[in-house]
Each structure stands twice: as C-alpha cells, then as structure tokens.
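Spelled out, the chains give:
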Amino acid sequence: MRKQVYVIALLTLILSLCFMSASAAGADWALRVDGAKTPVLLPDGGIAVISGSKVVAVNADGNTKWSWDAGGQVKFLATDDAGNLYAALNKTVFKVSGAGKMIWKTDAFGEVYSFAFVEGKLLVGWANGLFELDDKGKLLWEYYMPEDC
Amino acid sequence: MGPVWSLSYMGNGKCILVGKVFFDVTNPNPVDGYDYINMFNISDGNTVAQFKAVEPFTIRLIKPVSQTKALISADYSGLVSWNTVDKYLYEWRLKVDPPKYVCVGQSNQALIVGKDGKGISTVDIKKGTQLKQSSYTETVLGEPIFIGSRYYVPVNGGLMVLGTNLETVSRYNLSGLKGSVSLLPAKDSIYIVGDNLLARYGI
C-alpha cells in the first residue's frame, strides 16, 4: 500500500514538472492552477489567486506558499497592506491571514456582487446595496440605493 | 433595487459604484434592469455625486483616470468621460460600440479594445478623439495593462507588447494561455493568470 502511494506521488511530481517546463517557454515560471482567477499582489511580491473553493498563495519564485479552502466556490478576493486576504463566496465574507489561516468570517446581508479593500476597510456590494467592514469584520455602515436614482 | 456589481476606487476617500435597478421588483432579472452610477465617500457611505447623463443605463465598465475623472463604457453611448461633478453632463462622448476593455496609458492617452475583442485603438482622453486604430486577427482575452511606455495585451498563447502608436514591439509566448486572462503588474514583472495557468514574466 505504502509503495503504491510512493509511485502515485512520484508520477504526479513528474507530470507536474513536465507541465511546468512545457508552459514556461519564455516565462520565468508557470504553474498549473485549476480555474485560476482574480489575482491579487502580496506585499512580499508574491501573488494569491482564487482556484475554485481555494485561495492559493504563491511566492515570487513560483513556489506555492499555502492553500486555504473556503468550502465553496470563492467569487472575490482582495488583500490589505499587511498581506491578509479577504474572500467572499455566496453570502459569506472571510479574512485569512498571510499564512493561510482563517481569522474571521461574517455573513453578508445577501449574495455578494462586488468587493474591494481600500484604505483599511472592506467594501462589499451585495444584492440590495453596499456595506463596509473594518479589518476586524465589524460593520461600519450600510448603503441603500438613493431614492432619486 | 438591485445589486451593486462594480466598485472603482478613485482615491482621496471616494469610490464609484455601479448598481442595478429593476423595473419590476417582483422579477429581479438583470436583463430587465438598468444601471446607475454613484460616487460615494468611503468613510460613511454617503453619496457625493451621481451621473445621469448616459441613458439608457447599461454600463459595461468604469475606469478611473484620476481622482476627478472616470471613463465609462456604456451601451448606446460608447465611451464617455465623466468629471465626477456634473450630474447631467459629460466632458466628451466617443460614439463607438461600448469598449470591452479600457487601459489608461500616459500623456492623456488610453487604449481601448472594441466590443468584438479585436479592434484596438488609442484615444486622447482629454479631447475624446481617436488617435490610432488597428485591427488584429487575435482576440484580446483580458484587460491590457500599461507599464513604462508599453501596452501589454493578453491574447491566445501569450502577450502582445504594443507601443503608444500601436506598433508591435514584441511578443511574449506562453503556451497554454487561453480563456479569460488577468494581468497584474509587479516589480520588474507581470503576473499572468489564465484558465488553469499562473505565470510570471520578467520585463
């Protein structure tokens, strides 16, 4: 049994290396990251992306730092100056540390439609308006569409 | 009332949102709604300006140019420059199909990618006039970025590097690059994110 695991691990490693060398023609490096989207730049020069239900952080040299699983398809991703990450899926907002550990999660009012971290605060556009959280997940204000729109 | 689906930070504590309003609140189908544009203060969420000059409102994208100016791609209007102050006025309007991507360059210039994803042109964003036009056989896969004096444009299998006169300067090959692509500028490099692919290219 243990031998089979070693063989499978070795084959996976060989296939990954083949893919990297094929894709990296001209690039510094290239990685296969399933469904990669919504890149954000990390303070150390690395990058984080959404990959399905996961957030994957990669160093500037192309080595994967960590992967964090949100338990559902992540739709939005943002980062702050300290390298913490903010992710949203469905009706939930998460804060994840620069080491890939969840710090907090909070329910949004409804489905999240837009997302931005600016000047130390998290702006979340949802099904009926907009709200703002501080970096601890505390609600600062809510906005609804003005009447004269 | 409908979703706030776009947030664009302008700097100086101001942000522009695009939200959708439904004609029939019992049938919140996005195709039956229209968009509205507000600029708000991020400290309290209060609206500081609204833009109502682009009607009917079907907004494709918003691209901040400065703290007081944004380019808006909208159906029927094309590309519009808003000074973020006048509610019913725009600085200029370029009557084109609403651009799919807009990338602000230097010296009051922006690169726009047409609705079909193939036609590329540059625009004087002070006057609202087209400067150069070019049509490529390759479809642009994501929003171009501007670094130094070059536009980096993602296409199938790599990046086209264009000068400010839309001349092809070089091409970066990246086999396997396809689908929807995002570019992210970093120190001396560009991160490229496509379907199932993450790569870094030194520039």
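Trainee: I keep staring at the overall build of chain A and nothing clicks. Help me out?
Mentor: Within chain A one finds one helix and 13 strands. Secondary structure elements of chain A, listed N to C terminal, follow the sequence α-β-β-β-β-β-β-β-β-β-β-β-β-β. Considering chain A as a whole, with its 149 residues, one finds that 48% of them fall into the buried category. When contacts within chain A are restricted to residue pairs at least 6 apart in sequence, long-range pairs at least 24 apart make up 29% of them. Carbon and sulfur atoms make up 56% of the accessible area of chain A, which totals about 7,600 Å².

Trainee: Mind showing me how you'd approach the confidence of the model for chain A here?
Mentor: When pLDDT drops low, the exact placement of atoms in the prediction is not to be read closely. For chain A, mean pLDDT is 86; residues scoring 70 or higher make up 79% of the total. Below pLDDT 50 for its whole length, residues 11-25 of chain A participates in 14 contacts with residues either more than four positions away or in separate chains.

Trainee: When you look at unusual backbone geometry in this model, what are you seeing that I'm missing?
Mentor: With the exception of glycine, the majority of residues adopt a negative phi angle, and the majority of peptide bonds are in the trans configuration. Residues and elements named next belong to chain B. Look at Leu-166: it is not a glycine, yet its phi comes out positive at around 70 degrees. Note that Leu-166 resides in the loop between β15 (158-162) and β16 (168-173). For Leu-166, a relative accessible area of 6% translates into the label buried. One non-glycine residue, Asn-196, adopts positive backbone phi at about 65 degrees. Of note, Asn-196 is situated in the loop between β18 (189-194) and β19 (197-202).

Trainee: Quick question: what am I supposed to make of the pairing of strand β4 (residues 54-58) of chain A here?
Mentor: Along any regular strand, the residues point their side chains to alternate faces of the sheet. Residue and element names in this part refer to chain A. For β4, the buried fraction is high: four of the five residues fall into the buried class. Where strand β3 (residues 47-51) and β4 come together, five bridges link them in antiparallel fashion. Residue pairing for β4: Ile-50 is matched across the bridge by Val-55. What sits between the antiparallel neighbours β3 and β4 is a turn of two residues, in which Gly-52 has the positive phi angle 65 degrees.

Trainee: Would you take a moment to explain the pattern of salt bridges for this structure?
Mentor: Side-chain pairs of opposite charge can arise whenever the charged atoms involved come near each other. All names here are of chain B. Applying the stated criterion to the full structure yields 10 salt bridges over all chains. Across the pair Lys-20 and Asp-35 runs a salt bridge, and its minimum N-O distance is 3.0 Å. Taken together, the residues span a long stretch of sequence, with Lys-20 in strand β2 (residues 14-22) and Asp-35 in strand β3 (residues 33-41) at a distance of 15 residues. By the burial criterion, Lys-20 is buried, and Asp-35 matches it. The salt bridge involving Arg-171 is made with Glu-138; its shortest N-O contact spans 2.9 Å. Here Glu-138 lies in the loop between β12 (129-135) and β13 (145-147) and Arg-171 lies in strand β16, a separation of 33 residues in the sequence.

Trainee: Mind showing me how you'd approach the confidence of the model for chain B here?
Mentor: Of all residues in chain B, 94% attain a pLDDT of 70 or more, and the chain-wide mean is 91. As a predicted assembly, this complex carries a pTM of 0.88 together with an ipTM value of 0.90.

Trainee: I keep staring at the interface of chain B and chain A and nothing clicks. Help me out?
Mentor: A common measure of how large an interface is: the accessible area buried when the components associate. Across the boundary between the two partners, chain B contributes 43 residues, which contact 47 residues of chain A. Approximately 3,500 Å² of surface area, both sides summed, lies buried where chain B meets chain A, with 62% of it carried by carbon and sulfur atoms. Run the count over chain B and chain A and you get one salt bridge. With a shortest N-O distance of 3.9 Å, Asp-28 of chain A and Arg-200 of chain B are connected by a salt bridge. At the junction of chain B with chain A, the criterion picks out 12 residue pairs in polar contact (both at pLDDT 80 or more).

Trainee: Just checking my understanding: could you explain the packing of aromatic side chains for this structure?
Mentor: In this description, an aromatic ring pair is defined by two values, namely the gap between the centres and the angle between the planes. Residue and element names in this part refer to chain A. Inspection of every chain in the model, using the stated rule, returns 13 aromatic pairs over all chains. Ring centres of Phe-109 and Phe-131 lie 5.0 Å apart, and the angle between their planes is 85 degrees; this geometry places the pair in the edge-to-face category. Separated by 22 residues along the polypeptide, Phe-109 in the loop between β9 (102-107) and β10 (112-118) and Phe-131 in strand β12 (residues 129-133) bring together distant segments of the chain. On the accessibility criterion, Phe-109 (40% relative accessible area) is partly exposed. Among the aromatic side chains, those forming a connected cluster through ring pairs are Tyr-86, Trp-104 and Phe-117. Sitting over the face of the ring of Tyr-113, Lys-75 holds its NZ or CZ atom 5.4 Å from the ring centroid.

Trainee: Help me understand the sheet that holds β4 of chain A, please; the structure alone is not making it clear to me.
Mentor: Where strands meet in a sheet, backbone hydrogen bonds hold them as pairs that are either parallel or antiparallel. Residues and elements named next belong to chain A. Pairing is antiparallel across the open sheet formed by four strands, whose spatial order is β2-β3-β4-β5. Unpaired on one side and paired on the other, β2 (36-41) and β5 (64-69) mark the two borders of the sheet. The average angle at which neighbouring strand axes cross in this sheet is 20 degrees, direction not considered.

Scoring rules and cut-offs
- Within any chain, residue numbers begin from 1 and follow the written order of that chain's sequence.
- Working convention: letters from A go to chains and numbers from 1 go to ligands, in the order in which they are written.
- Under the rules for a predicted model, residues below a pLDDT of 70 receive no local features and side-chain atom pairs below 80 are neither given nor counted, while totals for whole chains, interfaces and linings still include all residues.
- Water and hydrogen atoms play no part in the side-chain values, which are based on all heavy atoms of the structure.
- Helix and strand labels come from DSSP, where a helix needs a run of H or I of at least four residues and a strand needs a run of E of at least two; each type is numbered from the N terminus.
- Each residue gets one of three labels from its accessible area relative to the maximum for its type: buried under 20%, exposed over 50%, partly exposed in between, using a 1.4 Å probe on protein chains only.
- Whether two residues are in contact is decided by their heavy atoms: any pair within 4.5 Å suffices.
- Residue burial considers only the protein chains on display, and all accessible areas are found by Shrake-Rupley using a 1.4 Å probe.
- A residue's pLDDT is the predictor's confidence in that residue, given on a scale from 0 to 100.
- If DSSP finds at least two bridges between two strands, the strands pair.
- Put simply, a salt bridge is a Lys or Arg side-chain nitrogen that is within 4 Å of an Asp or Glu carboxyl oxygen.
- Here the buried area means the combined drop in accessible surface, using a 1.4 Å probe, for two parts upon being joined, counting both sides.
- Polar contacts here mean pairs of N or O atoms no more than 3.5 Å apart (in protein, one a potential hydrogen donor and the other a potential acceptor; neighbouring residues in sequence count only if both atoms are side-chain atoms).
- Here a pair means two rings of Phe, Tyr or Trp (six-membered ring of Trp) with centres within 6.5 Å. Their orientation is stacked below 30 degrees between planes, edge-to-face above 60, and tilted elsewhere.
- Lysine and arginine charges are scored as sitting over a ring when NZ or CZ, respectively, is within 6 Å of the ring centre and within 35 degrees of the ring normal.
- Note on method: axes are straight lines fitted to C-alpha atoms, helices fitted across the in-contact stretch only, with angles between N-to-C directions ranging 0 to 180 degrees.

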